[in-house]
Amino acid sequence: MNWIAIGSPADIPLRGARCVVTPKGRVAVFRTAEEQFFAVEDRCPHKGGPLSQGIVHGAAVTCPLHGWVISLETGRALGADEGAVRTIPLKLEGDRLFLALDALAIEAA
Ligand code: FES
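Thresholds, definitions, all that
Residues numbered from 1 in each chain as written. Predicted model: local features only at pLDDT ≥ 70, side-chain atom pairs only at ≥ 80, totals over all residues. Helix = DSSP H or I, 4+ residues; strand = E, 2+ residues; numbered from the N terminus. Contact = placed C-beta atoms within 7 Å. Buried ≥ 20, exposed ≤ 12 C-beta atoms within 10 Å, placed from the backbone. Pairing = 2+ DSSP bridges. Axes fitted to C-alpha atoms, helices over the stretch in contact; angles between N-to-C directions. UniProt positions renumbered as here; feature names shortened; annotations may be inferred.

**Q** For this particular structure, what's the right way to read the environment of A17?
**A** For A17, the position within the fold is in strand β2 (residues 16–22). A17 sits 36 residues away from Q53 along the chain, and the two C-alpha atoms are 7.1 Å apart. Not counting residues up to four positions away in its chain, the partners in contact with A17 are I12, A28, V29, F30, S52 and V56.

**Q** Could you clarify how one ought to interpret unusual backbone geometry in this entry?
**A** Peptide bonds are, in most cases, trans, and in most cases residues other than glycine have a negative phi. Residue R15 is not a glycine yet carries a positive backbone phi of 55°. Position of R15 relative to the elements: it lies in the loop between β1 (4–7) and β2. When the 15 C-beta atoms within 10 Å are taken as the criterion, R15 is described as partly exposed.

**Q** Help me understand the pairing of β2, please; the structure alone is not making it clear to me.
**A** The two faces of a sheet get side chains in turn, since along a regular strand they alternate between them. The pairing of β2 with strand β3 (residues 25–31) spans 7 bridges and is antiparallel. Bridging from a neighbouring strand, V20 pairs with V27 of β3.

**Q** It is not clear to me how the sheet that holds β2 should be interpreted in this structure. Could you clarify?
**A** Through backbone hydrogen bonds, the strands of a sheet pair up, either in parallel or in antiparallel fashion. Judged by pairing direction, the sheet is antiparallel, and its 3 strands sit side by side in the order β2-β3-β4 without closing on themselves. Looking at which strands have only one partner, the edges of the open sheet turn out to be β2 and β4 (37–41). Across this sheet, the average inter-strand angle for adjacent strands is 25°, counted without regard to direction. Pairing of β3 with β4 involves 5 bridges; the strand directions are antiparallel.

**Q** Would you mind going over the UniProt feature "domain: Rieske" (unreviewed entry) in the protein with me for this structure?
**A** Here the UniProt feature "domain: Rieske" (unreviewed entry) sits at residues 3–99. For residues 3–99, helix accounts for 0% and strand for 41%, while the C-alpha atoms at its two ends are 5 Å apart.

**Q** Explain the sheet that holds strand β7 (residues 69–71) to me, please; I cannot follow it from the model alone.
**A** Across the sheet, 3 strands lie side by side as β5-β6-β7; this open sheet has antiparallel pairing. A strand with exactly one partner marks an edge of an open sheet, and here the two such strands are β5 (55–57) and β7. If you compare each strand with its neighbour and ignore which way they point, the axes differ by 25° on average. As paired strands, β5 and strand β6 (residues 60–62) are joined by 3 bridges and run antiparallel to one another. Residue pairing for β6: H57 is matched across the bridge by A60.

**Q** What's the story with the environment of P45 in this structure? I'm lost.
**A** Along the chain, P45 turns up in the loop between β4 and β5. Residue class for P45 comes out buried when judged on the 21 C-beta atoms lying within 10 Å of it. Along the backbone, P45 and A100 are 55 residues apart, and their C-alpha atoms lie at a distance of 21 Å. Sequence-distant contacts of P45, that is, excluding residues within four places in its chain, are made with A77, G83, A84 and V85.

Written as structure tokens, this is what we have:
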């Protein structure tokens, strides 16, 4: 797996997210209150809303457009809604975060 560095955890607000523009599209990188990090496509499965601008609670985000709640662990919509975004492998090494973008390319092929 090819890992690309996307910066430091401190670049991401606590209980917030950062949008990383990659050759494979926009990726939302989240930092939870428990200092867990997750990456998913920055496209809500409902109508493409920017999940990186949503509200983070626990290990989930509420889409800013119509309020769907998406699990950051599985990418699936929670509750009564149906749909999912791709999750992207993310790792923390020292003070740097890395994304495995090739995983996204394989899934998108
Ligand atoms: S686009 Fe996200 S809830 Fe509608």
